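# Structural overview for review
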Amino acid sequence: MHLNENIKLLGKKIVLVPYEARHVPKYHDWMSNETLRQLTASEQLTLSEEYLMQQSWRKDSDKLTFIILDADIYAQDNDELAAMVGDTNLFLRHDPDSNQSVAEAEIMIAEPQARGKGYGREVMLLMLKYAQSQLELNKFEVKIDMDNAVSVRLFESFQFVETGRVEVFHEVTMQREITTEWIDWLDKQVELKIVSYKDRLEPIHAAQ
Ligand SMILES: CC(C)(COP(=O)(O)OP(=O)(O)OC[C@H]1O[C@@H](n2cnc3c(N)ncnc32)[C@H](O)[C@@H]1OP(=O)(O)O)[C@@H](O)C(=O)NCCC(=O)NCCS
């Protein structure tokens, strides 16, 4: 969606910027790793397909995405490509049974040296707070590989609860209703700092 194309979110350890065409080659490199594809339930795309996917994440009104930057590396000289460590997405859908708006969250800290430093926690809290404050949502959802204990625990700590399991996909679904009490809790965990994304450059690569 276009909602976040001119802003960035400032955390303590990470900065979230919109996903631009110039981020695609590094993103594509990450996704050549089979383990990462498995953990994120992603398909391998060609570089051209990855550029098209970046455009779709930008244009489609049901998709929100940010690239995760290491705040310390970014602060050195604003080099986003050097600072890129992962991405986070939301996919919006309407559940006709409950008549609710649901946002499915995804996160990937792709660079191994950036894991286990609290980045994933801060990213997800910022993403949840941004989405809760900017979009009309009833519920967050996440689908996680059953063996991904770190991720399951992370979302349990955000008060998500298991609502389903699909053995054939080896996947567990966890959800969190967006209630007033939960928003109060969220506000105590994270401060949302939204600033202009003025240092944005023109995309280096045209879509292919
Ligand atoms: C899962 C993932 C997002 C977590 O991000 P992270 O930055 O590595 O995790 P954090 O440092 O923020 O830690 C989050 C929690 O997990 C725990 N944790 C992190 N790494 C751990 C490890 N290797 N073993 C056990 N616990 C671990 C931390 O202790 C922390 O819990 P706490 O805050 O209660 O102490 C990240 O590892 C990742 O992207 N992995 C690959 C892709 C993936 O699995 N995506 C999730 C699909 S939904």
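Residues numbered from 1 in each chain as written. Predicted model: local features only at pLDDT ≥ 70, side-chain atom pairs only at ≥ 80, totals over all residues.

## Re the packing of helix α6 (residues 119–134) against helix α8 (residues 180–189)
The condition is simple: Axis angles are defined between N-to-C directions and span 0 to 180 degrees, where every axis is a line fitted to C-alpha atoms and, for a helix, only to the segment in contact. Numbered from the N terminus, helices here are DSSP runs of H or I no shorter than four residues, and strands are runs of E no shorter than two. For this classification, under 35 degrees means roughly parallel, over 145 means roughly antiparallel, 65 to 115 means roughly perpendicular, and everything else is oblique. A crossing counts as left-handed when the near helix is turned anticlockwise from the far one by less than a right angle, and as right-handed when that turn is clockwise. In this description, a residue-residue contact is defined by the distance between C-beta atoms placed from the backbone, which must lie within 7 Å. Nonpolar residues are Ala, Val, Leu, Ile, Met, Phe, Trp, Tyr, Cys and Pro. Charged residues are Asp, Glu, Lys and Arg, and all others, Gly as well, are polar.
Their axes nearest at 10 Å, the elements α6 and α8 cross at an angle of 130 degrees. Taken together, the axes of α6 and α8 lie oblique to each other. For the pair α6 and α8, the sense of crossing is left-handed. Contacts between α6 and α8 involve Leu125, Leu128, Lys129 and Gln132 from the former and Ile183, Leu186 and Gln189 from the latter. Here the contact of α6 with α8 is built from residues that sort into four nonpolar, two polar and one charged.

## Re the sheet that holds strand β5 (residues 100–109)
Using the following cut-off: Strands pair, by our definition, only if DSSP identifies at least two bridges between them.
Strand order in the open sheet formed by nine strands is β7-β8-β6-β5-β4-β3-β2-β1-β9, and the pairing between neighbours is mixed. Two strands in the sheet have a free side with no partner beyond their single neighbour: β7 (161–166) and β9 (194–196). The mean inter-strand angle of the sheet, taken between neighbouring strand axes irrespective of direction, is 30 degrees. Bridge analysis of strand β3 (residues 63–70) against strand β4 (residues 84–95) gives seven bridges, and the strand direction is antiparallel. The residue bridging Thr65 from the neighbouring strand is Asn89, located in β4. Across the face of the sheet, α6 comes into contact with β1 (7–10), β2 (14–18), β3, β4, β5 and β6 (139–145) while running at roughly 155 degrees to β5. Most of the contacts of helix α7 (residues 149–157) go to β6, to which it runs at about 160 degrees, and overall it touches β6 and β8 (171–177).

## Description of unusual backbone geometry
Positive phi, close to 70 degrees, is recorded for Gln159, a residue that is not glycine. A positive phi angle, close to 55 degrees, is found at His170, a residue other than glycine. For His170, the location among the structural elements is in the loop between β7 and β8.

## A closer look at the site of the ligand
So the rule is basically this: Placing a C-beta atom from the backbone of each residue, we mark the residue near a molecule or strand if the atom is within 6 Å of it.
Around the ligand sit 21 residues, and of these Leu39, Ile109, Arg115, Gly120 and Arg121 come closest. Broken down by secondary-structure element, the contributors of at least two residues to the shell around the ligand are β5, α6, β6 and α7. Ranked by the residues each element gives to the shell around the ligand, the list is headed by α7, at five residues. Looking at the shell around the ligand residue by residue, the class counts come to nine nonpolar, seven polar and five charged.

## Notes on α6
As a reminder, the rule being used: Working rule for helices: expected span equals 1.5 Å times residues minus one. Buried means a residue has 20 or more other C-beta atoms within 10 Å of its own C-beta, exposed means 12 or fewer, and partly exposed covers the counts in between; C-beta atoms are placed from the backbone.
In this model α6 runs 22 Å from its N-terminal to its C-terminal C-alpha over 16 residues, within 8% of the 22 Å that 1.5 Å per residue would give. Restricting attention to buried positions, one finds in α6 the residues Tyr119, Gly120, Val123, Met124, Leu126, Met127, Leu128 and Tyr130.

## Side note on the confidence of the model for the protein
To be explicit about the condition: The quantity known as pLDDT measures the predictor's confidence residue by residue, on a range of 0 to 100.
Predicted confidence across the protein gives a mean pLDDT of 94, with 95% of residues reaching 70 or more. Per-residue pLDDT stays below 50 along residues 202–208; that stretch engages in 15 contacts with residues further than four places along the chain or on separate chains.

## Brief notes about the nonpolar core
What counts is decided by this rule: Note on terminology: a nonpolar core is a set of buried residues of type Ala, Val, Leu, Ile, Met, Phe, Trp, Tyr or Cys, with members joined through C-beta atoms within 7 Å.
If you look at the biggest cluster of nonpolar residues, it comprises 36 residues, and the most contacted ones within it are Leu16, Ile68, Leu69, Ala105, Val123 and Met127. Contributing elements (two or more residues each) for this core: β2, β3, β4, β5, α6, β6 and β8. At seven residues, the largest contribution of residues to this core is made by α6. In contact with Met127, other than residues within four places in its own chain, are Phe66, Thr88, Leu90 and Ala105.

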